[in-house]
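Working through the structure, step by step
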Amino acid sequence: MTYEKRYDGRDFDETRKVEIKMGVIPRANGSAMFSFGNTKAIAAVYGPRLMHPQHLQNPEKAVLRCSYDMLSFSVTERKKPGPSRRSSEISHVIMNALTPVLQLENFPNAVIDLEIEIIQADASTRCAGINAAALALAHAGIPMTDLISAVSVGNIGNKICIDITKEEEDYEEDGEKLATDIPVAFAPRKNRLTLLQLDGKVKPEVLKKVIEAGNKACMKINEAQKKALRDLKMETELPEEEEK
Ligand code: ADP
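Residues numbered from 1 in each chain as written. Predicted model: local features only at pLDDT ≥ 70, side-chain atom pairs only at ≥ 80, totals over all residues. Heavy atoms only, no water.

Some remarks on the layout of surface pockets
Note the threshold: Every definition here rests on a 1 Å grid over the protein atoms only: cavities are sets of points where a 1.4 Å probe fits but cannot get out, pockets are open sets enclosed by protein on both sides within 12 Å along at least five of seven lines, and lining residues have some atom within 4 Å of a point. Grid points are joined across faces, edges and corners, and a volume is the space filled by probe spheres set on the points. Each helix corresponds to a stretch of at least 4 residues labelled H or I by DSSP, and each strand to a stretch of at least 2 residues labelled E; elements are numbered beginning at the N terminus. Here the term charged refers only to Asp, Glu, Lys and Arg, the term nonpolar to Ala, Val, Leu, Ile, Met, Phe, Trp, Tyr, Cys and Pro, and the term polar to all other amino acids, Gly among them.
By volume, the largest pocket amounts to about 490 Å³. Together, 22 residues line the largest pocket, and R86, A123, S124, K166 and E169 are the ones closest to its centre. Residue assignment for the lining of the largest pocket shows that the elements contributing at least two residues are α1 (85-98), α2 (125-139), α3 (166-169) and β10 (179-187). Grouping the amino acids of the lining of the largest pocket by side-chain chemistry returns eight nonpolar, six polar and eight charged. Residue lining of the second largest pocket: 15 residues in total, with N155, N158, L178, T180 and K201 positioned closest to the centre.

Below, the structure is given as structure tokens:
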């Protein structure tokens, strides 16, 4: 038995329905909602503003503080509220995925707070969170050299699947878990990989295909993100593309 047809009937290289809403939190300096089907993330950006207490200031650049969390009822089994090891890890990897394109040196001694809340979860929440966060940062007018896009790639029963669901993440054959989850993020202009995680096992030759498939999917997601900014007439916030 192999995973021949996806549970929800999608093509192997197809994401769930991507939905984007900008400016969902009027009090924030920038905000966006990004969904992959039933996985829905909201990101809000506050700042840049002067960092307090003063000893946390960096005179060379702004500090990005990133916080990721899931609402208690975002999953079917109520999640214990409050921070956890998982949320700290995800906050950290999201910050690392976004920082390479942020021109933080424009704001010495400042802090930028990025809050990501998962309001409904069906796997791939860190990727939805990154996509929402990149849009919220652009909406807040933070200068960026590129717009980050992320997607989870699964190796499910030896099939490479884009944007996996929880059901796919739990895929088993004969009682053996045969699902590997590999979230990736790209800065498309320089084709730079800014996130690569691996939950499970994968052969090196398969990993190469996984990254290629993830890259292709991220390019499509990037188009949807750019369209959302264009609809707000914000694409010009990204500097002109440099010669490669
Ligand atoms: P990601 O959401 O980025 O894929 P994980 O692989 O850690 O990150 O989580 C996969 C999925 O497992 C989540 O999207 C969510 O659907 C579910 N999940 C995670 N944590 C919990 C929890 N505490 N309770 C119930 N479901 C959870």
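A few points about unusual backbone geometry
Note the cut-off: Buried residues are those whose accessible area, probed at 1.4 Å on protein chains only, stays under 20% of the maximum for their type, while exposed residues exceed 50% and partly exposed ones sit between those limits.
For the peptide bond that leads from G47 to P48, omega is 5 degrees, which places it in the cis range. Within the secondary structure, P48 sits in strand β3 (residues 39-50). For the peptide bond that leads from H52 to P53, omega is 0 degrees, which places it in the cis range. Positionally, P53 belongs in the loop between β3 and β4 (63-70). Phi is positive for N109, close to 65 degrees, though the residue is something other than glycine. Among the residues examined, N109 registers a relative accessible area of 24% and is labelled partly exposed. One non-glycine residue, N191, lies in the positive phi region at around 50 degrees. Mapped onto the elements of the fold, N191 is located in the loop between β10 and β11 (192-196).

A short note on the packing of α1 against α2
Heads up, the condition is: Axis angles are defined between N-to-C directions and span 0 to 180 degrees, where every axis is a line fitted to C-alpha atoms and, for a helix, only to the segment in contact. For classification purposes, an angle smaller than 35 degrees is called roughly parallel, one larger than 145 roughly antiparallel, one from 65 to 115 roughly perpendicular, and anything else oblique. If you view the pair so one helix is near and one far, a crossing is left-handed when the near helix is turned anticlockwise from the far one by less than a right angle, and right-handed when it is turned clockwise. Residue contacts are defined here by distance: any two heavy atoms, one from each residue, within 4.5 Å place the two residues in contact.
It is at 10 Å that the axes of α1 and α2 come closest, and there the two elements cross at 45 degrees. Taken as axis vectors, α1 and α2 run oblique relative to one another. The crossing of α1 and α2 is right-handed. Where α1 approaches α2, its residues R86, E89, I90, I94, A97 and L98 are matched on the opposing element by T125, R126, I130, A133, A134 and L137. In terms of residue class, the contact of α1 with α2 is made up of eight nonpolar, one polar and three charged.

So far we have only geometry, and geometry alone does not tell us how the molecule works.
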